[in-house]
Amino acid sequence: MLDTTYIEESEEMSALADEYLKTGVLKENSYNDCRHIAVASISACKYILSWNMKHFVKRKTIEMVQTVNLRLGIFQPSILTPSIFIEGDEDNE
């Protein structure tokens, strides 16, 4: 059975989501994606898994999130598709 942790969105998370919009990580119509990344970042989640490759799981978004998080000293989760996550590390096979 998986452990489940419920996380309530904080003001810090909302402010980070706003910063992602301000710096152009994503556009305003993708604010919920910014919130998702902000919650995972502030909560120090190791991975974000998503099939949203149009906005979310793409190099530009990942690099911009890394830049913002590094500048602010915030944890950087790995943003992956579930298939990449499941494949794992090929060197260990």
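Residues numbered from 1 in each chain as written. Predicted model: local features only at pLDDT ≥ 70, side-chain atom pairs only at ≥ 80, totals over all residues. Heavy atoms only, no water.

**Re the pattern of salt bridges**
Thinking step 1. Under the defined criterion, the tally for this structure stands at four salt bridges.
Thinking step 2. Close ionic contact of Arg 71 with Glu 19 constitutes a salt bridge, the shortest N to O distance being 2.7 Å. Placement of Arg 71 in helix 3 (residues 59-72) and of Glu 19 in helix 1 (residues 11-22) is noted, with a sequence separation of 52 residues between them.
Thinking step 3. Exposure remark for Glu 19: the relative accessible area of 14% places this residue in the buried category.
Thinking step 4. One salt bridge connects Glu 63 with Arg 59, and the closest N-O pair in it is separated by 3.7 Å. A residue pair is termed a helical-turn pair when its members lie 3 or 4 positions apart in one helix, as Glu 63 and Arg 59 do in helix 3 at four residues. (Salt bridge = Lys/Arg side-chain N within 4 Å of Asp/Glu carboxyl O. Helix = DSSP H or I, 4+ residues; strand = E, 2+ residues; numbered from the N terminus. Buried < 20%, exposed > 50% of the residue type's maximum accessible area, 1.4 Å probe, protein only.)

**A closer look at helix 2 (residues 31-42)**
Thinking step 1. With 12 residues, helix 2 should cover 16 Å at 1.5 Å per step; its first-to-last C-alpha distance of 16 Å lies within 8% of that length.
Thinking step 2. Regarding helix 2, the residues found buried are Asp 33, Cys 34, Ile 37, Ala 38, Val 39, Ala 40 and Ser 41.
Thinking step 3. Considering only its buried residues, helix 2 is in contact with helix 1, strand 1 (47-49), helix 3 and strand 2 (78-80). (Expected span 1.5 Å × (residues − 1). Contact = heavy atoms within 4.5 Å.)

**Details of helix 1**
Thinking step 1. With 12 residues, helix 1 extends 16 Å between its outermost C-alpha atoms, agreeing within 8% with the 16 Å of an ideal straight helix rising 1.5 Å per residue.
Thinking step 2. Within the sequence span of helix 1, burial applies to Met 13, Leu 16, Ala 17, Glu 19 and Tyr 20. When helix 1 is viewed along its axis, its buried side chains cluster within an angular range of 155° and face the same direction. Facing away from the buried side of helix 1, by more than 90 degrees, are the exposed residues Glu 11 and Lys 22. (Arc of directions from axis to C-beta.)

**Considerations on the packing of helix 1 against helix 2**
Thinking step 1. It is at 8 Å that the axes of helix 1 and helix 2 come closest, and there the two elements cross at 130°. Taken together, the axes of helix 1 and helix 2 are oblique relative to one another. In the crossing of helix 1 with helix 2, the sense of the turn from one axis to the other is right-handed. Mapping the contact onto sequence places Glu 12, Met 13, Ser 14, Leu 16, Ala 17, Asp 18, Tyr 20 and Leu 21 in helix 1 and Tyr 31, Cys 34, Arg 35, Ile 37, Ala 38, Val 39, Ser 41 and Ile 42 in helix 2. (Axes fitted to C-alpha atoms, helices over the stretch in contact; angles between N-to-C directions. Parallel < 35°, antiparallel > 145°, perpendicular 65-115°, else oblique. Left-handed = near helix turned anticlockwise from the far one by under 90°.)

**Concerning the environment of Thr 67**
Thinking step 1. Note that Thr 67 resides in helix 3.
Thinking step 2. Overall, the relative accessible area of 53% leaves Thr 67 in the exposed class.
Thinking step 3. Considered as a pair, Thr 67 and Thr 23 are 44 residues apart in the sequence and their alpha carbons are 9.9 Å apart.

**With respect to a nonpolar patch on the surface**
Thinking step 1. Among the surface-exposed residues, Tyr 47, Leu 49, Phe 85 and Ile 86 lie close enough to one another that they form a single nonpolar patch of about 400 Å² accessible area.
Thinking step 2. Listing elements by their share of the nonpolar patch, those giving two or more residues are strand 1 and helix 4 (82-87).
Thinking step 3. Note that Phe 85 resides in helix 4.
Thinking step 4. The exposure class assigned to Phe 85 is partly exposed, which follows from its relative accessible area of 37%. (Patch = residues over 30% accessible without salt bridge, like charges linked within 9 Å, V, L, I, M, F, W, Y side chains within 5 Å. Areas by Shrake-Rupley, 256 points an atom, 1.4 Å probe, with all protein chains shown as cover.)

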